[in-house]
Amino acid sequence: MLALYFDESGNTGTNYLDVKQPYFVYGGWLIEKEKENEICESVERIFCGSRAKELKSKKGLKYERVKELFNILIFKFNAVPVFGVADKRYMVAAKIIETFFDHWYNPNVNGYLTYRTGLKKALADSVSKDDSLLVAFSKIIHNGTIELEEMRSIKVALSNHFKNENLLDVQRTISDLSDENLQEMIKEFEDVSKNGSEKRWLTLVEPILIDRILNIDIYARIINKQVNLYVDELWGYQNVFEELRDILNKETIITNVKFVKQCKSDESLLIQAADLLCGFVFNTLMEIEVLMKNETVNTIWQDFIIINETFKKNNIKVWDYYAHSDFEYEILGLGGYEGPKRKVDCNKIIRRDFSKALKGEIDA
């Protein structure tokens, strides 16, 4: 039996453009259930000098002590760091692509862009540089709805973006959209958010958590073990976690991960350990220019990178990032990498692959 403990850092709900908290990190530790007590004893011993009621990354991180904890978790107890980190501004761009190139609402494309592909990534990379477009579209995420006139303006801005990039095949699939198509897009946001009254369904909590669970489930099936999932209580997310429990505890594509309960962080040292992991990831990204020269931080990130590369051999990503393709070098920089940076030409990928997404090229 394994146990997965999750907490978060940088959660600003549907305010994806919060400049003070540009990243959202959700994750924690995958451990062997029978070692829980030993792990908790180690956490208490390392932080025995702390007078705080609970260990919280927001109260400041001492990286040497964090390194001591992570080393014990990883190398003594075989714990696995599991997390997703999202550049929230970039996620607005990703949502623009998901919305405007959804074949249910855009009659000019097929279902090729329904799933994660290099083309979908390239389109989001391209759009993520258009600040005015991100600001305009972020309103429908923040509020759960938007006026048709505003959606028309977003359509025009998106069409012009691809025109300016000389991606005319892409531009035509957007410029041809009708008001009816746009209304259907708006309705999806309204349906998901209950007309803006339950905007938690538009946050990054659920998609990042499910993506991590899908990867851990692959691992659990390979080693033939069950995983119990414990998450930190998040105010207002009760029905999100209840729905997740229903999904995981039925026979679905996810077979070996079962939702157990929400935990109070001040009552669970393992949730607190998850908080320290998420806080470490968040803080090091926020202070990257300084900390990429910090040997302790470099060593921790090197361990994370090696662990992830090891799991990738079985097509498992125990941690992942949701950001522009260049973000890879932010992570590598925190690991001490100072070598050359290979630039991904998103427009080249779009020109090469966009025909695959056109209606009639591949069955929807």
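S.K.: Kindly report on the overall build of the protein chain, identifying the contributing residues and their values.
M.R.: Secondary structure assignment for the protein chain yields 15 helices and 6 strands. Over its C-alpha trace the protein chain gives a radius of gyration of 21 Å, about what one expects of a compact globule, namely 21 Å for 364 residues. When its C-alpha atoms are laid out on the principal axes, the protein chain stretches across 65 × 45 × 40 Å. Taken over 364 residues, the protein chain has a buried fraction of 54%. Long-range pairs, those at least 24 residues apart, make up 79% of the contacts in the protein chain with a sequence separation of at least 6. In the protein chain, 49 positive and 57 negative side-chain charges are present, and the distance between their average locations comes to 2 Å.

S.K.: So what's going on with helix α3 (residues 88-100)? Which residues, and what values?
M.R.: When the terminal C-alpha atoms of α3 are compared, their 19 Å separation across 13 residues agrees well with the 18 Å that a helix rising 1.5 Å per residue should span. Of all 13 residues in α3, 10 are buried; the element is thus mostly enclosed. All buried positions along α3 are accounted for by Lys88, Tyr90, Met91, Val92, Ala93, Ala94, Ile96, Ile97, Thr99 and Phe100. Where α3 begins, the capping side chain belongs to Asp87, and its oxygen is found 3.1 Å from the backbone nitrogen of Arg89.

S.K.: Which residues make up the packing of aromatic side chains, and what values go with them?
M.R.: Evaluation of the coordinates by the stated rule reveals 23 aromatic pairs. Plain terms: the ring middles of Phe101 and Phe354 are 6.0 Å apart, the flat faces sit at 80 degrees to each other, and that makes the pair edge-to-face. Separated by 253 residues along the polypeptide, Phe101 in the loop between α3 and α4 (118-127) and Phe354 in the segment after α15 (346-353) bring together distant segments of the chain. With respect to class, Phe101 is no different from Phe354; both count as buried.

S.K.: Any details on helix α2 (residues 63-76)? Residues and values, ideally.
M.R.: Taking 1.5 Å of rise per residue, 14 residues should cover 20 Å, and α2 covers 19 Å from first to last C-alpha, within 8% of that figure. Taken together, the buried positions of α2 are Tyr63, Val66, Leu69, Phe70, Ile72, Leu73 and Ile74. Contact partners of the buried residues in α2: β2 (23-32), α1 (36-46), β3 (80-87), α11 (269-286), α12 (288-291) and α13 (295-312). Immediately downstream of α2, the backbone of Asn78 shows phi near 60 degrees, a positive value.

S.K.: How would you sum up the sheet that holds strand β4 (residues 227-232)? Please name residues and give values.
M.R.: One open sheet holds the 6 strands; their spatial order is β5-β4-β1-β2-β3-β6, and the pairing between them is mixed. Edge positions in the sheet fall to β5 (257-263) and β6 (319-322), since each has one partner strand and no second. Pairwise comparison of adjacent strand axes, ignoring direction, gives a mean angle of 15 degrees for this sheet. Sheet topology places β3 next to β6; 4 bridges connect them, and they run parallel. Across the sheet, Gly84 pairs through a bridge with Asp320, a residue of β6. Relative to the sheet, helix α9 (residues 205-223) contacts β1 (2-9), β2, β3, β4, β5 and β6, its axis offset from that of β2 by approximately 25 degrees. α13 rests against β3 and β6 of the sheet, and its axis sits at about 100 degrees to β3.

S.K.: Any details on the packing of α3 against helix α5 (residues 131-143)? Residues and values, ideally.
M.R.: Two elements in contact, α3 and α5, have axes separated by 9 Å at closest approach and are oriented at 75 degrees. Here α5 runs roughly perpendicular to α3, going by the angle between their axes. Within the contact between the two elements, α3 uses Arg89, Val92, Ala93, Lys95, Ile96, Thr99 and Phe100 and α5 uses Asp131, Leu133, Leu134, Val135, Phe137, Ser138 and Ile141. When its residues are assigned to classes, the contact of α3 with α5 shows 9 nonpolar, 2 polar and 3 charged.

S.K.: Let's hear about the environment of Leu285: which residues, and what values?
M.R.: As for its position among the elements, Leu285 is in helix α11. Residue Leu285 is classed as buried on the basis of its relative accessible area, which comes to 2%. Taking the C-alpha atoms as reference points, Leu285 and Leu30, 255 residues apart in sequence, are found 23 Å from one another. Setting aside anything within four residues of it in sequence, one finds Leu285 in contact with Tyr23, Val85, Phe327, Ile331 and Leu334.

Conventions we followed
Residues numbered from 1 in each chain as written. Predicted model: local features only at pLDDT ≥ 70, side-chain atom pairs only at ≥ 80, totals over all residues. Heavy atoms only, no water. Helix = DSSP H or I, 4+ residues; strand = E, 2+ residues; numbered from the N terminus. Rg over C-alpha atoms; globule rule 2.2 N^0.38 Å. Buried < 20%, exposed > 50% of the residue type's maximum accessible area, 1.4 Å probe, protein only. Contact = heavy atoms within 4.5 Å. Lys, Arg positive; Asp, Glu negative; His and termini not counted. Charge placed at Lys NZ, Arg CZ, Asp CG, Glu CD. Expected span 1.5 Å × (residues − 1). Polar contact = N/O pair within 3.5 Å; in protein donor to acceptor, adjacent residues only side chain to side chain. Phe/Tyr/Trp six-rings, centres within 6.5 Å; stacked < 30°, edge-to-face > 60°. Pairing = 2+ DSSP bridges. Axes fitted to C-alpha atoms, helices over the stretch in contact; angles between N-to-C directions. Parallel < 35°, antiparallel > 145°, perpendicular 65-115°, else oblique. Nonpolar A, V, L, I, M, F, W, Y, C, P; charged D, E, K, R; others polar.

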